[in-house]
Amino acid sequence: MLRSLRQQAEVSQRELARRVGVAQARISEYERGHRSPSVDRLDRIVRTLGGVLHVRAESGLSAEDRQLLDLHLAMTPEQRLDALRAMSGLRGRARA
Amino acid sequence: MSLLETVDLQAVSFDPARILTVLGRSGAEIVVIGGVAATLHGSPVATADADAVAARTESNLQRLGDSLRQLEAAVLVSISVDDRTATVVRQEIDAATLENLSPARLLTRHGVVDVMWQDATVGDYDDWRADAVQVSIAGTTIQVASLESLIRSKERADRDKDRAALPFLRALLRRSEE
């Protein structure tokens, strides 16, 4: 991904390394997946290439969600569809 | 001849099992995707319609048309902002009608069904079918999108409802791999 971003920006590895302040060999390692940059450095690289880095942290399921999942996993596929139908009915009544 | 009609959605109960049973028995080549597919895998996230990707062959359009007529499908034009009523076009749902609708958004007597030939996240029927799983509903076997494809689709669509569904899908995938 990094390589294609750099190539789209028409920047050489040497030039990118100079602008970011690292050795060209390090950029090459990042592009080949042999080494991973820190988030700060990746952000600097991406911004240098005219892009924007989005980092999204996702939490896992809460204890309540895990219980809900366990409940649904204990059902057969037909029972899961029945539950969905029942939820739909409840939503319909809530609208009325 | 077609006729615009207003339908009271309070009188339409979403019953995905009945929809899938009719589609499955027709032998139509479809893969169930979206929220109903997630439900069949065990996701507790509710959805209000059934989505399917279908093969766009003449014989399949014919089978789909036959099953959708059994479901008394009408072309869905719009749903009111309060979700209470829908405007539909009552017209013959046949192969020619379906071919010109992409996606075909239909209101049946068991709820809304979206049939598409291709979706923007994973691809066409063959792409979804490649790793689909078989699920039996009321003695009928239907093809359901794999968890991997559903996750890929939700990640690419990246709407609020997709992001809400993803933790459950990922947890289901982890559990299936344990």
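Our structure's up above, just so we're on the same page.
Everything numeric in this text was worked out from a predicted model, so none of it was measured.

Okay, the sheet that holds strand E5 (residues 85–90) of chain B next. All names here are of chain B. Ordered by their spatial adjacency, 9 strands build an open sheet running E1-E5-E4-E6-E7-E3-E2-E9-E8, and the pairing between neighbours is mixed. Each edge of the open sheet is held by one strand with a lone partner, namely strand E1 (3–8) and strand E8 (133–137). Here the average twist between neighbouring strands, direction ignored, is 40 degrees. With 5 bridges joining them, strand E3 (residues 49–54) and strand E7 (residues 111–116) adopt parallel strand pairing. Its bridge partner being in E7, Asp51 is matched across the sheet by Asp114. Those strands touched by helix H1 (residues 16–25) are strand E2 (30–33), strand E6 (104–108), E7, E8 and strand E9 (140–144), and its axis lies near 100 degrees from that of E9.

This part is about the interface of chain A and chain B. The interface of chain A with chain B comprises 22 residues on the first partner and 34 residues on the second. Overall, the association of chain A and chain B removes approximately 2400 Å² of surface from exposure, summing both partners, and the carbon and sulfur fraction of that is 61%. Joining chain A to chain B, the criterion identifies 2 salt bridges. Counting the contacts that link chain A with chain B gives 3 residue pairs in polar contact (both at pLDDT 80 or more).

Cut-offs and rules
Residues numbered from 1 in each chain as written. Chains lettered and ligands numbered in written order. Predicted model: local features only at pLDDT ≥ 70, side-chain atom pairs only at ≥ 80, totals over all residues. Heavy atoms only, no water. Pairing = 2+ DSSP bridges. Helix = DSSP H or I, 4+ residues; strand = E, 2+ residues; numbered from the N terminus. Axes fitted to C-alpha atoms, helices over the stretch in contact; angles between N-to-C directions. Contact = heavy atoms within 4.5 Å. Buried area = accessible area lost by both parts, 1.4 Å probe. Salt bridge = Lys/Arg side-chain N within 4 Å of Asp/Glu carboxyl O. Polar contact = N/O pair within 3.5 Å; in protein donor to acceptor, adjacent residues only side chain to side chain.

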